Amino acid sequence: MTIREATTADLGAVLALYAQLHGEDVPAPSEALSELWAAILADPNRHIVLVELERTVAGCCEVLVVPNLTHNQRPYALVENVVTDEGFRRRGCAAAALNFAGEIARMNNCYKLMLMTGARGPGNIELYETAGYNQQDKTAFVQWL
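About the cut-offs
Residues numbered from 1 in each chain as written. Predicted model: local features only at pLDDT ≥ 70, side-chain atom pairs only at ≥ 80, totals over all residues. Heavy atoms only, no water. Helix = DSSP H or I, 4+ residues; strand = E, 2+ residues; numbered from the N terminus. Rg over C-alpha atoms; globule rule 2.2 N^0.38 Å. Buried < 20%, exposed > 50% of the residue type's maximum accessible area, 1.4 Å probe, protein only. Core = buried A, V, L, I, M, F, W, Y, C linked by side-chain atoms within 4.5 Å. Salt bridge = Lys/Arg side-chain N within 4 Å of Asp/Glu carboxyl O. Pairing = 2+ DSSP bridges. Axes fitted to C-alpha atoms, helices over the stretch in contact; angles between N-to-C directions. Contact = heavy atoms within 4.5 Å. Phe/Tyr/Trp six-rings, centres within 6.5 Å; stacked < 30°, edge-to-face > 60°.

Colleague: Give a detailed account of the overall build of the chain, specifying residues and quantitative values.
Modeller: Along its length, the chain carries four helices and five strands. Mapped from its N terminus to its C terminus, the chain presents α and β elements in the order β-α-α-β-β-β-α-β-α. Relative to the globule expectation of 15 Å for 145 residues, the C-alpha radius of gyration of the chain, 15 Å, shows essentially globular dimensions. By its C-alpha atoms, the chain is 40 × 35 × 35 Å across when sized along the principal axes. Counting every position in the chain, which comprises 145 residues, the buried fraction comes to 33%.

Laid out in structure tokens, this is it:
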């Protein structure tokens, strides 16, 4: 298993995983999509974590480091878009991605790492709890725009 941050060449693999996550089609290649990907990769506060198994991008998550004026001006981090390819599930990919996300947060002196999920299955909740997240400290609200 290899865990690393995404590069320019990984756009297709990431989009394929996101399509599984949201049950959507993979978007067609376009200049706008390539420009968006380049901007994401150039942002020092955004990290697309990839997990490779069998020479395949098998899972990923995104970590956003958010500058902050509270908690002695220490940033916090958000984890989003945690997904493992259907063919690689239950092999530790998501746990490895979340562990790497935690390393990124610690390297950036974050005081907390937060994650929200819409997946409520027992396996998902257990994964996040085993990775050190809890449901007691915060209440999440979402407003779809």
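Now that the structure has been shown, we can carry on.
Colleague: Any details on the nonpolar core? Residues and values, ideally.
Modeller: Taken as a class, soluble globular proteins show a tendency for nonpolar side chains to be buried jointly. Within the largest apolar cluster, 23 residues are counted, with the highest numbers of intra-cluster contacts made by Cys61, Val63, Val79, Val82, Leu98 and Leu115. When residues of this core are traced back to their parent elements, those giving at least two are β2 (46–53), β3 (56–66), β4 (76–84) and α3 (93–107). Per element, the largest residue contribution to this core is eight residues, and it comes from α3. Core analysis: the second largest hydrophobic core is formed by 14 residues, Tyr18, Ile40, Leu50 and Val83 among them.

Colleague: Report on the pattern of salt bridges, specifying residues and quantitative values.
Modeller: Where charged atoms of side chains with opposite charge meet at close range, the side chains can pair. All told, the structure shown has four salt bridges when counted by the stated rule. Between Glu52 and Arg4 there is a salt bridge whose closest N-O contact spans 2.9 Å. On the criterion of sequence distance, the pair formed by Glu52 in strand β2 and Arg4 in strand β1 (residues 2–5) is long-range, its members being 48 residues apart. Note on Glu52: relative accessible area 21%, which makes it partly exposed. Note that Glu62 and Arg46 form a salt bridge whose closest N and O atoms lie 2.6 Å from each other. Note that Glu62 is positioned in strand β3 and Arg46 in strand β2, a separation of 16 residues in sequence. Three or more residues joined by partner-sharing salt bridges are found here, namely Arg4, Asp10 and Glu52.

Colleague: An account of the sheet that holds strand β5 (residues 113–115) is needed here, citing residue identities and associated values.
Modeller: Read from one edge to the other, the open sheet built from five strands follows the order β1-β2-β3-β4-β5, with strand pairing classed as mixed. Looking at which strands have only one partner, the edges of the open sheet turn out to be β1 and β5. Across the sheet, the axes of successive neighbouring strands diverge by a mean angle of 25°, strand direction being ignored. Bridge count for β1 against β2 is four bridges, and the pairing is antiparallel. Looking at the pairing, Thr2 lines up with Glu52 of β2. The strands touched by helix α1 (residues 11–22) are β2, β3 and β4; relative to β4, the strand with the most contacts, the crossing angle is about 85°.

Colleague: Any details on the packing of aromatic side chains? Residues and values, ideally.
Modeller: The geometry of an aromatic ring pair comes down to the distance between the two centres and the angle between the two planes. Inspection of the entire model under this criterion finds one aromatic pair. With a centroid separation of 6.5 Å and an interplanar angle of 80°, the aromatic rings of Tyr76 and Tyr111 are classed as edge-to-face. With Tyr76 in strand β4 and Tyr111 in the loop between α3 and β5, this residue pair connects regions lying 35 residues apart in the sequence. Here Tyr76 falls in the partly exposed class, since its relative accessible area comes to 21%.

Colleague: Help me get a handle on unusual backbone geometry, residues and values and all.
Modeller: The general pattern is negative phi for most residues beyond glycine and trans for most peptide bonds. Phi at Gln73 is positive, roughly 60°, even though this residue is not glycine. By secondary structure assignment, the location of Gln73 is in the loop between β3 and β4. Residue Gln73 is classed as exposed on the basis of its relative accessible area, which comes to 54%. Phi angles above zero are rare outside glycine, and Asn109 is one such case at about 60°. Of note, Asn109 is situated in the loop between α3 and β5. The exposure class of Asn109 is partly exposed, given its relative accessible area of 42%.

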